[in-house]
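These are the residues of each chain, in order.
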Amino acid sequence: MKLSVQISRGIESLFGTRDENIRVIENGLRVTASLLNDSLEIEGAEPDVIRAASILEDYVSLVKEGQSFANGDLNSYLRVVTADPEVTLRSLVHSGRQRNFGKKTLAPKTVNQRRYVEAIERHDLVFGVGPAGTGKTYLAVAMAVSALLSKRVSRIVLTRPAVEAGERLGFLPGNLQEKVDPYLRPLYDALYDMLDSDRVEKLLERAVIEVAPIAFMRGRTLNDSFIILDEAQNSTAEQMKMVLTRQGFNSKMVVTGDLTQIDLPSGKRSGLTDACEVLRGIEGISFVHFDDRDVVRHSLVQKIVKAYERYNEAIGAGRQLALRLSEPASEATLPPSDVALPASESPLPVAPAENREIPLV
């Protein structure tokens, strides 16, 4: 089936850099698109062509109404609407209303990002779980800054486990704050993106914004605060319980993490895994799960996340089976205690301690 959609304005942003936006439509809906004089011709199976035409018509009408799409925004929207037939481009753009976060004006770019922001507005404890690049930490910091500037809270507390990502850095120089700062750098990056650097420095000096490792949380009660626990997959079950019970009156807490990037020592169970199992279904707590469709970094990041998911699914069962088979094999190499060793392998006799000669030096 072939269908043409008239496009009079916004053709550049529709195609995107190196036609990346049109390729999203073609690959997501299995259609081909050809640019004619003032229209786009779509060819493919009838339901796919009708779906693509509906998306393009929404785009044309939105552009006529004055809607502008920043770099990368349209690509993110198109990835969502091509994957979910229940979502329209118009509803996605309108529902992702822009919000002011300090010097930044942001709008959720995917359905799950919108749910995440709405969950933070409505609930006092929110878990954002998903792969890298989905905006979990960035949006949480943005909501914290918004709450502080509108005086809904009096301070922001940002914390994360001081766990190295698979390497040992040794002893770091400087005082205690300087030692832990490298682990907390992603939180600082988001803060400086939302607020002027001078203002961030002043808020840090006055402890209105506090950035600290989990070890500093024990014994505290955080009232009138917006608390963010980042990289929660690297917290232990004990640390997770300790941080969650710090929340005081008129406080919000957001816990973010990626269960596929756990850097804890072997045998240690992630506190985020525990919390997802223990706390699910409790009123007042919201869980938002992201997937590869929510990745808003470079387009390659989405493909990398998806490739690792497929790889882990393919080899996960094989690794577990190999582990189970290797355990009895290692035990079989040890001779039973009641079996006599051959003479050639018998241990040499050892003289009693009182009969041994001890050389004098």
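In the block above lies the structure referred to throughout.
Attention here is on the structure that accompanies the text.

## Focus on the overall build of the protein
And then number 1: When you go through the protein residue by residue, the secondary structure sums to twelve helices and eleven strands.
And then number 2: The proportion of buried residues among the 361 residues of the protein is 42%.
And then number 3: If you take every contact in the protein between residues at least 6 apart in sequence, the share linking residues at least 24 apart comes to 70%.
And then number 4: Surface accessibility of the protein: about 20,900 Å² in total, with carbon and sulfur atoms responsible for 52%.

## Quick look at the sheet that holds strand β11 (residues 285-289)
And then number 1: One open sheet accounts for six strands, arranged β8-β7-β9-β10-β6-β11; its pairing is parallel. On the outer flanks of this sheet lie β8 (209-213) and β11, each paired with one strand and no other. On average, adjacent strands in this sheet sit at an angle of 15° to one another, irrespective of strand direction.
And then number 2: Looking at chain direction, strand β9 (residues 225-229) and strand β10 (residues 252-257) are connected through four bridges and run parallel. In the strand pairing of β10, F226 is matched with K252.

## Thoughts on a positive patch on the surface
And then number 1: A surface patch of positive charge is lined by K151, R199, K202 and R206.
And then number 2: As for its position among the elements, K202 is in helix α9 (residues 197-205).
And then number 3: The exposed category is assigned to K202, whose relative accessible area is 53%.

## A few points about the packing of aromatic side chains
And then number 1: Under the criterion given, the structure shown has two aromatic pairs.
And then number 2: Summarising the aromatic geometry, the rings of Y116 and F290 are spaced 5.2 Å apart at their centres and angled 80° between planes, so their arrangement reads as edge-to-face. One end of the pair, Y116, is in helix α6 (residues 111-122); the other, F290, is in the loop between β11 and α12 (299-332), with 174 residues separating them in the sequence.
And then number 3: Assessed through its relative accessible area of 7%, F290 is described here as buried.

## Quick notes on the pairing of strand β2 (residues 32-35)
And then number 1: One ladder, built from four bridges, connects β2 with strand β3 (residues 39-43); its direction is antiparallel. Considered in β3, the bridge of A33 is made with I42.
And then number 2: Linking β2 back to β3 in an antiparallel pair, the connection comprises three residues.

Quick notes on the rules
Residues numbered from 1 in each chain as written. Predicted model: local features only at pLDDT ≥ 70, side-chain atom pairs only at ≥ 80, totals over all residues. Heavy atoms only, no water. Helix = DSSP H or I, 4+ residues; strand = E, 2+ residues; numbered from the N terminus. Buried < 20%, exposed > 50% of the residue type's maximum accessible area, 1.4 Å probe, protein only. Contact = heavy atoms within 4.5 Å. Areas by Shrake-Rupley, 256 points an atom, 1.4 Å probe, with all protein chains shown as cover. Pairing = 2+ DSSP bridges. Axes fitted to C-alpha atoms, helices over the stretch in contact; angles between N-to-C directions. Patch = residues over 30% accessible without salt bridge, like charges linked within 9 Å, V, L, I, M, F, W, Y side chains within 5 Å. Salt bridge = Lys/Arg side-chain N within 4 Å of Asp/Glu carboxyl O. Lys, Arg positive; Asp, Glu negative; His and termini not counted. Charge placed at Lys NZ, Arg CZ, Asp CG, Glu CD. Phe/Tyr/Trp six-rings, centres within 6.5 Å; stacked < 30°, edge-to-face > 60°.

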